Protein chains: 2
Amino acid sequence: MDLSPTAYVVLGMLRHGPRSGYEIKQAVDRSTRFFWAASYGQIYPELRKLAKAGLVEGEERPQGGRRRTVYTLTDAGRERLRDWLAEDPELLEIRDEALLKLFFADAASPGRAAEIVDARRRTHEEKIERLRQIEPAAAGLADSDPYPYFVLRYGIAFSEWVVEWCEDARRELEELEPRERDESRRDRRKPDDG
Amino acid sequence: MDLSPTAYVVLGMLRHGPRSGYEIKQAVDRSTRFFWAASYGQIYPELRKLAKAGLVEGEERPQGGRRRTVYTLTDAGRERLRDWLAEDPELLEIRDEALLKLFFADAASPGRAAEIVDARRRTHEEKIERLRQIEPAAAGLADSDPYPYFVLRYGIAFSEWVVEWCEDARRELEELEPRERDESRRDRRKPDDG
DNA sequence: ATACTCATGTAAGAAGTTACATGATTAC
DNA sequence: GTAATCATGTAACTTCTTACATGAGTAT
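Every value quoted in this text rests on a predicted model; they were computed, and no experiment measured them. (Residues numbered from 1 in each chain as written. Chains lettered and ligands numbered in written order. Predicted model: local features only at pLDDT ≥ 70, side-chain atom pairs only at ≥ 80, totals over all residues. Heavy atoms only, no water.)

Visitor: Honestly, the protein's contact with DNA strand D in this entry has me stumped. Any pointers?
Guide: Around DNA strand D lies a shell of 21 residues, among which Y22(A), R48(A), T69(A), T6(B) and Q42(B) are the nearest. Among atoms of DNA strand D positioned within 4 Å of the protein, sugar and phosphate together represent 73%. Within the side chain of R68(A), an N or O atom sits 3.3 Å from a phosphate oxygen of DNA strand D. Here a sugar or linking oxygen of DNA strand D sits 3.2 Å away from a polar atom, N or O, in the side chain of R66(B). Broken down by element, the surface near DNA strand D gets its largest block of residues, four residues, from helix α3 (residues 40-52) of chain A. Tallied by class, the residues present in the surface near DNA strand D amount to three nonpolar, 12 polar and six charged. (Near = heavy atom within 4 Å. Polar contact = N/O pair within 3.5 Å; in protein donor to acceptor, adjacent residues only side chain to side chain. Helix = DSSP H or I, 4+ residues; strand = E, 2+ residues; numbered from the N terminus. Nonpolar A, V, L, I, M, F, W, Y, C, P; charged D, E, K, R; others polar.)

Below, the structure written as structure tokens:
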């Protein structure tokens, strides 16, 4: 049976011990979210599928009168995770509306490109802030498993790089877009292209 | 009527003049692909929807005995594109298997983290190569519309940054992963975490 | 001839989001 | 008491990919 990529997120989140679906969702939001999100609508059905396949085991562990099912990796599940980790990563998908809008900026009103770049900068500044908030906790756990912290720092460094790029781009766009650009450009346009 | 994000890719690809579905797909593969992909299975149905909505207009323009439908932006379509460009970009989705595997590397065999980083480096080296191949063509068109070239250079710069990060990460992992790490680490692990 | 590119499309299904529903516990 | 958090789940829907089918033109 083939597993979806998100199934491996679930298996992976159980690598250090039992967790409930709710806890997995929380862990995803605090960690892999910026490069791999997952919703309840995926996690809960996935846990059941994995249990049926014998890769995880569910156990009722209510807290007070609150029902709660905690899942544990089985040996088969751990092996499956290991096998997947042993394959070279393939999938890399990006949907970046900011880049798309910048790409089409020629069809926008004059000066809009710079605003799009500014919006992109703000997005990544917020991302940095959010990641910095979870950084201390991640650093504390790095002792027993260094990789999540490693990846978190990648996320921060990446967004910092984007912010720098936006600042450079801003300056470049100002040279590119003097007030009269709109008129002068239209003259140079190939007939085919208008 | 709401448009899907990919509908705007189609509208945007018509901003400089009429194109067939086939040509749109080609343009996507040569340009927006690295941050926004689109398949025939989206493009052709989308063109029909947009035509029904009056945002594009199709015209039969066979080449030889080969049927061919070419679409043009209507005024309404151009306005719709402009309105969308005037809204701040929101969507940013990443699915990065390499980061996910690195995140879970603690559950992999020793030394696997470094291999994942190496694979990531290769992926982005290939990306740079592909982008460099289309760079001259993009640079040539920058005269009439500078933005696609602008975004292309972002793509190259980004992948170059990733390659550098991978080189740094490689070195850091070697410090982190001396041969005996596996044993020593297990001792420091909290009981909750095993 | 045969392989490649041009050209358009559909069907099936995977993957993922959103909104909703339910109900207990905890903090103020 | 009431708002937030803990906890689980489903249904409807959107989005997107993959695989397939068809057929003409072009280059070797």
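We are not done yet, so read on.
Visitor: Please explain the packing of aromatic side chains as it appears in this structure.
Guide: Any two aromatic rings considered together are summarised by their centre-to-centre distance and by the angle between their planes. Per the stated rule, a full pass over the model turns up 24 aromatic pairs over all chains. Relative to W161(B), the ring of F158(A) has its centre 6.1 Å away and its plane inclined at 50 degrees; by these criteria the two rings are tilted. Here F158(A), found in helix α7 (residues 147-176), pairs with W161(B), found in helix α7 (residues 147-176), and the two come from separate chains. As far as burial versus exposure is concerned, F158(A) and W161(B) are alike and both buried. Here the aromatic cluster, defined as three or more aromatic residues joined through ring pairs, consists of F150(A), Y154(A), F158(A), W161(A), W165(A), F150(B), Y154(B), F158(B), W161(B) and W165(B). The ring of Y40(A) carries the charged tip of K25(A) above its face, separated from the ring centre by 5.6 Å. Positioned above the aromatic ring of Y149(A), the side-chain terminus of R153(A) is 4.6 Å from the ring centre. (Phe/Tyr/Trp six-rings, centres within 6.5 Å; stacked < 30°, edge-to-face > 60°. Buried < 20%, exposed > 50% of the residue type's maximum accessible area, 1.4 Å probe, protein only. Lys NZ or Arg CZ within 6 Å of the ring centre and 35° of its normal.)

Visitor: How should the nonpolar core be read in this particular structure?
Guide: If you look at soluble globular proteins, the nonpolar side chains tend to sit buried side by side. Judged by nonpolar contacts, the single largest core of 109 residues is most densely connected at L11(A), Y154(A), L11(B), F35(B) and Y154(B). Excluding its chain neighbours within four sequence positions, the residues that come into contact with L11(A) are L3(A), L50(A), L55(A), V56(A), L73(A), G77(A), R80(A) and L81(A). (Core = buried A, V, L, I, M, F, W, Y, C linked by side-chain atoms within 4.5 Å. Contact = heavy atoms within 4.5 Å.)

Visitor: Could you clarify how one ought to interpret helix α6 (residues 112-141) of chain A in this entry?
Guide: Since one α-helical turn is 3.6 residues long, residues separated by three or four positions face the same way. Compared with the 44 Å implied by 1.5 Å per residue over 30 residues, the 44 Å span of α6(A) between its first and last C-alpha is a close match. The sharpest bend along α6(A) reaches about 40 degrees and sits at E135(A), with the proline P136(A) one to four residues further on. (Expected span 1.5 Å × (residues − 1). Bend = angle between axes of the 7 residues up to and from the residue.)

Visitor: What exactly am I supposed to notice about the protein's contact with DNA strand C here?
Guide: In the vicinity of DNA strand C, 22 residues are found, and the nearest of them are T6(A), Q42(A), Y22(B), R48(B) and T69(B). Backbone atoms, meaning sugar and phosphate, make up 70% of the atoms of DNA strand C lying within 4 Å of the protein. R95(B) places a polar side-chain atom, nitrogen or oxygen, 3.1 Å from a phosphate oxygen of DNA strand C. Every element with two or more residues in the surface near DNA strand C is listed here: α1 (5-13) and α3 of chain A together with α2 (21-30) and α3 (40-52) of chain B. If you tally residues by element for the surface near DNA strand C, the top one is α3(B), at four residues. Looking at the surface near DNA strand C residue by residue, the class counts come to four nonpolar, 12 polar and six charged.

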